Amino acid sequence: MAKIEVKNLIKIYGTNTDKALEMVRQGADNIEIRKKTKQVVGVRNASFSVEQGESFVIMGLSGSGKSTLIRCINRLIKPSAGEILIDGEDISKMPSKQLEDIRRRKMAMVFQRFALLPHRTIVDNVAYGLEIQGISRDKRYEQAMRTIELVGLKGWEESYPSNLSGGMQQRVGIARALATDPDILLMDEPFSALDPLIRQEMQDELLEIQQKLQKTIIFITHDLDEALKVGDRIALMKDAQIVQMGQPEDILLSPATEYVARFVENVNRSKALTASAVMVKPRSVVHPKDGPLTALYQMEKYGISSLFVTDRSGHLTGYIRAEDASDIAEQGIKQLDSIIQTDIPVTHPDEYLSNLLEVMAHTKVPVAVVDENNILKGILVRGSVIAGLAGERREFHE
Amino acid sequence: MNSLMTLIPRIPLAQWTDNAIEYLQEEWGPATKAFSHVMEALIKGLQDFLISVPPEVIIIFVALLAWWVAGKKIAVFSIIGLLFIINIELWAVSMQTLAMVIAAVGLCMLIGVPLGILSAKNEVVHRIVTPILDFMQTLPAFVYLLPAIPFFGLGVVPAVITTLIFAMPPVIRLTSLGIKQVPDELVELGRSFGSTFFQMLFKIELPLARSTILAGINQCIMLALSMVVVAAMIGAKGLGGVVWTAIQTLNMGMGFEAGIAIVIMAIILDRITQNVGKSK
């Protein structure tokens, strides 16, 4: 069962929503609905599900409905229609006592402008969620201190929020959200108010924390680079609607609409694309038992000057160069073992291109992409990497 | 235009008001009189207590309080000011006035703060309360001073009630304002973590509205002090009584002395309450 499941969620702002709701269902556009009914469409027909431990990013420009959508999930905003299932329970129709309980135990929110209480010390801010659950002072301080340490703010617990920098304040916000040990973190543009450098640092730390804790995260942002970095999956919103949803690479490589295409145009792809997205299948490989003449034949056939060598089950052993192969062919040696070079650049399928560009620049042979069992999955050649960075869908390799 | 106006007979608003007061007095008179007796006992008790405490004790107490919340200068001023009041032989009447101010302001807070909270939280309450507050603040005090007599008799109780009407609006208005000014994100914070209504109120809204509410209470004290002179007209005694006697006997010197005593009390109370709002 999905952790969060949103089905046909519609939010209309206004006092008389019936007519507008009907029009949304019939597919009328937002401007027409506003003209005819004076109601504003906040979210239209959003459906998605998020699995336990997944980071789901909702991204869009301001006014696209992303803030409304995230607030529907903990019902800070009451949806006009549709269902929101948290562990199978529909939160949109829940009585308020039960809703309060779910907010206390299952989810916590991180806010764009941090939302720290200025009259409370850091530890009391972090312990807020525990305090309203009626947990004793000693116990909640103990728990709060644990998350304060987790976000690296040990020693600041007695300070007041105004003494902290923006980045530190948001660490407090994250510590507060983690203190109640919720399953779900709702993060509403948590890093948008921070300087670019601090922002990146915080993103890295979030990923680190997420690796440890495996929360289910809904993350709102208007920054595509951030979305690509943080999200396991991304939903792109425009005009109150989700226009595309998928893994970062899907969105980069096959934008569903003109709008998405324009959005992803300027992104730093090297930070979003992984080796597996742009690697190509090696045109040919040889096995150690193959003779040099076979190898030379293959190289000639494909017009390349080196070949990867694998064993029969696909484990990479190295590569050979054309000139070495012709040398041993002249000497009459039948086995390739003596000329196999093992100093090849290798990488993992999940490595980001940004970390590979330097290797690509200097290597004379393609970079081998191998999985954890050293099985050759593909190779990176300059052409395919450049095409990927330029945003072309790879189509050529056999 | 003129002929049109003659078509509409004069509206007997004065007559209606008289009738309404008469009716209310018949229906509610006994109840308000009984209430008045209880209140009178309480206020008189407070007055007697303040007068019976040795002045030195009160002066030391006020000076320490002033020092603690407002600093050394205000503490020194309090000592000199209060000694001056003793010197001009107005201590007892000053304490009578102080007791009335304390009673009125206490009641204003008791009624005004909850009403302000309600009016911030509930649009209907807000719409009902706002015009009533406008009415209370602009209706000349003399107009409701006299009708208070048939309900509460002469003396301190109608004085405190009319002071209440005059001094309560800022408490309600500023409490409401303070709560409405709590940033949306902090309200969302409270809700998103599952706070109940009262947890929101006591852990988030009231602490954040604190300085605004205290500014309202400060205003309330100042208005209450200025009202006690007027309230002397219906037998409230105190410093206002002295002023009132002075006016009737054209004794300008006596009036000025009592006026100065009021100013001294006003400054001490103002500086202390203002700084309570600022500290921390």
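Within every chain, residues take consecutive numbers counted from 1 along the sequence as written. Whichever chain is written first becomes A and whichever ligand is written first becomes 1, with later ones labelled in order. Only residues with pLDDT of at least 70 get local features here, since the model is predicted, and only at 80 or more are side-chain atom pairs given and counted; chain-wide, interface and lining totals rely on the full set of residues. The basis for every side-chain value is the complete set of heavy atoms in the structure, and neither hydrogens nor water enter the calculation.

## Digging into unusual backbone geometry
Okay, so step 1: Positive phi outside glycine occurs at Phe114 of chain A, with the angle close to 70°.
Okay, so step 2: Of note, Phe114 of chain A is situated in the loop between β6 (107–110) and α5 (122–126).
Okay, so step 3: For Glu89 of chain B, which is not glycine, the phi dihedral falls at a positive 60°.
Okay, so step 4: Inspection of the secondary structure assignment puts Glu89 of chain B in the loop between α4 (72–87) and α5 (91–121).
Okay, so step 5: For Glu89 of chain B, a relative accessible area of 72% puts it in the exposed group. We count a stretch as a helix when DSSP gives it H or I for four or more residues in a row; a strand needs E for two or more, and each element gets its number in order from the N terminus. Each residue is placed in one exposure class: buried if its accessible area under a 1.4 Å probe, protein chains only, is under 20% of its type's maximum, exposed if it is over 50%, and partly exposed if it falls in between.

## Let's talk about a negative patch on the surface
Okay, so step 1: The patches reported here contain residues having more than 30% relative accessible area and no salt bridge. Joining distances are 9 Å for like charges and 5 Å for nonpolar side chains (Val, Leu, Ile, Met, Phe, Trp, Tyr). Using a 1.4 Å probe, the Shrake-Rupley method yields the accessible areas, and only the shown protein chains count as cover for residues. For this analysis, a salt bridge means a side-chain nitrogen from Lys or Arg found within 4 Å of a carboxyl oxygen belonging to Asp or Glu. Only four residue types enter the tally: Lys and Arg on the positive side, Asp and Glu on the negative side, with His and both chain ends excluded. Positions of charges follow a simple convention, taking NZ of Lys, CZ of Arg, CG of Asp or CD of Glu. On the surface, Asp18, Glu22, Glu26 and Glu27 of chain B cluster together into a patch of negative charge.
Okay, so step 2: Considering the arrangement of structural elements, one finds Glu22 of chain B in helix α2 (residues 13–52).

## What about the domain arrangement of chain A?
Okay, so step 1: Along its sequence, chain A is carved into domain 1 (54–75 + 92–268) and domain 2 (276–389).
Okay, so step 2: Domain start and stop points were drawn from an automatic or database domain assignment. The distance between the C-alpha centroids of domain 1 of chain A and domain 2 of chain A comes to 43 Å.

## Thoughts on the side chain of Ser176 of chain B
Okay, so step 1: Among the structural elements, Ser176 of chain B can be located in helix α9 (residues 169–180).
Okay, so step 2: On the basis of relative accessibility, which here comes to 6%, the residue Ser176 of chain B falls in the buried class.

## Quick word on the packing of α2 of chain B against α5 of chain B
All names here are of chain B.
Okay, so step 1: Axes, fitted as lines to C-alpha atoms, cover a helix only where it is in contact. Angles between the N-to-C directions of the axes lie from 0 to 180 degrees. At a minimum axis separation of 8 Å, α2 and α5 run at an interaxial angle of 135°. Here α5 runs oblique to α2, going by the angle between their axes. Crossing of α2 against α5: the hand is right-handed. Counted together, Met39, Ile43, Leu46, Gln47, Leu50 and Ile51 of α2 and Ala92, Met95, Gln96, Leu98, Ala99, Met100, Ile102, Ala103 and Leu107 of α5 form the full contact between these two elements.
Okay, so step 2: Here the term charged refers only to Asp, Glu, Lys and Arg, the term nonpolar to Ala, Val, Leu, Ile, Met, Phe, Trp, Tyr, Cys and Pro, and the term polar to all other amino acids, Gly among them. Split by residue class, the contact of α2 with α5 holds 13 nonpolar, two polar and no charged. By the definition adopted for this analysis, an angle is roughly parallel if under 35 degrees, roughly antiparallel if over 145, roughly perpendicular if from 65 to 115, and oblique otherwise. By convention, the crossing between two helices is left-handed when the near helix turns anticlockwise from the far helix through less than a right angle, and right-handed when the turn is clockwise. By the convention used here, residues are in contact when the closest approach between their heavy atoms is within 4.5 Å.

## Points about the sheet that holds strand β14 (residues 346–347) of chain A
All names here are of chain A.
Okay, so step 1: Each pair of strands is called paired provided DSSP finds at least two bridges between the two strands. Sheet architecture is open: three strands sit in the order β14-β15-β16, paired in mixed fashion. Either end of the sheet is taken by a strand with one partner, and the two such strands are β14 and β16 (376–380).
Okay, so step 2: Pairing between strand β15 (residues 367–370) and β16: four bridges, direction antiparallel. The residue bridging Ala368 from the neighbouring strand is Ile379, located in β16.

## Comments concerning the confidence of the model for chain B
Okay, so step 1: Scored between 0 and 100, pLDDT is the confidence that the predictor attaches to each residue. Counting all residues, the mean pLDDT for chain B is 90, and 98% of those residues have values of 70 or more.
Okay, so step 2: Confidence scores differ between elements of chain B, with helix α1 (residues 2–7) of chain B showing the lowest mean pLDDT of 73 and α9 of chain B the highest of 96.

## Comments concerning the interface of chain B and chain A
Okay, so step 1: Opposite the 16 residues of chain B that make contact, chain A presents 26 residues.
Okay, so step 2: Defined in terms of a 1.4 Å probe, buried area is the accessible area two parts forfeit on being brought together, summed over both. Roughly 1,900 Å² of surface becomes buried between chain B and chain A when both sides are summed, with 58% attributable to carbon and sulfur atoms.
Okay, so step 3: Looking only at chain B, the three residues that lose the most surface to chain A are Glu185, Phe193 and Lys203 of chain B, adding up to 36% of its buried area.
Okay, so step 4: Taken together, the links from chain B to chain A amount to two salt bridges.
Okay, so step 5: Taking the shortest distance from any N to any O, the salt bridge between Glu188 of chain B and Arg71 of chain A comes out at 2.5 Å.
Okay, so step 6: For the side of chain B that touches chain A, the secondary structure elements donating two or more residues are α10 (184–192) and α11 (197–231) of chain B.
Okay, so step 7: Grouping the constituent residues of the side of chain B that touches chain A by class yields six nonpolar, six polar and four charged.

## Describing the environment of Val230 of chain A
Residue and element names in this part refer to chain A.
Okay, so step 1: Here Val230 lies in helix α10 (residues 224–230).
Okay, so step 2: When its relative accessible area of 3% is taken as the criterion, Val230 is described as buried.
Okay, so step 3: Sequence separation between Val230 and Met187 is 43 residues; the distance between their C-alpha atoms is 11 Å.
Okay, so step 4: Once residues lying within four places of it in the same chain are set aside, the contact partners of Val230 are Ser55, Val57, Gln203, Leu206, Leu207 and Phe219.

## Quick word on the side chain of Asp290 of chain A
All names here are of chain A.
Okay, so step 1: When you line up the elements, Asp290 lands in the loop between β11 (285–286) and α14 (292–302).
Okay, so step 2: Buried charged residue Asp290 carries no salt bridge. Nearest counter-charge: Arg312, at 4.2 Å.
Okay, so step 3: In contact with Asp290, other than residues within four places in its own chain, are Arg312, Lys334 and Leu336.

## Side note on the packing of aromatic side chains
Okay, so step 1: Only Phe, Tyr and Trp rings are paired, with Trp represented by its six-membered ring, and only when their centres lie within 6.5 Å; those with planes under 30 degrees apart are stacked, over 60 edge-to-face, the remainder tilted. Taken as a whole and assessed by the stated rule, the structure comprises seven aromatic pairs over all chains.
Okay, so step 2: Taking 6.4 Å as the distance between ring centres and 85° as the angle between the ring planes, the aromatic pair formed by Tyr128 of chain A and Phe193 of chain B counts as edge-to-face. Here Phe193 of chain B lies in the loop between α10 and α11 and Tyr128 of chain A lies in helix α6 (residues 128–131), a pairing that spans two chains. A single burial state applies to Tyr128 of chain A and to Phe193 of chain B, both of which are buried.
Okay, so step 3: With a centroid separation of 6.4 Å and an interplanar angle of 65°, the aromatic rings of Phe35 of chain B and Phe152 of chain B are classed as edge-to-face. Placement of the pair is Phe35 of chain B in helix α2 and Phe152 of chain B in helix α7 (residues 141–152), with a sequence separation of 117 residues.

## A closer look at the sheet that holds strand β5 (residues 89–90) of chain A
Residues and elements named next belong to chain A.
Okay, so step 1: If you trace the four strands from one edge of the open sheet to the other, you get β2-β1-β4-β5, paired in antiparallel fashion. Since the sheet does not close on itself, it has two edges, and those belong to β2 (40–50) and β5, each with one partner.
Okay, so step 2: Here strand β1 (residues 4–13) runs beside strand β4 (residues 81–86); their pairing, made up of five bridges, is antiparallel. Bridge assignment links Lys7 to a residue of β4, and that residue is Glu83.

## Quick notes on helix α8 (residues 156–167) of chain B
All names here are of chain B.
Okay, so step 1: One less than the number of residues in a helix, times 1.5 Å, gives the span that helix is expected to have. Its twelve residues place the ends of α8 16 Å apart at the C-alpha level, agreeing with the 16 Å of an ideal helix rising 1.5 Å per residue.
Okay, so step 2: Most of α8 is tucked away: ten of the twelve residues are buried.
Okay, so step 3: What α8 keeps buried is the set Val156, Val157, Pro158, Ala159, Val160, Ile161, Thr162, Thr163, Leu164 and Ala167.
Okay, so step 4: On its buried face, α8 sits against α2, α5, α6 (123–138), α7, α9 and α11.

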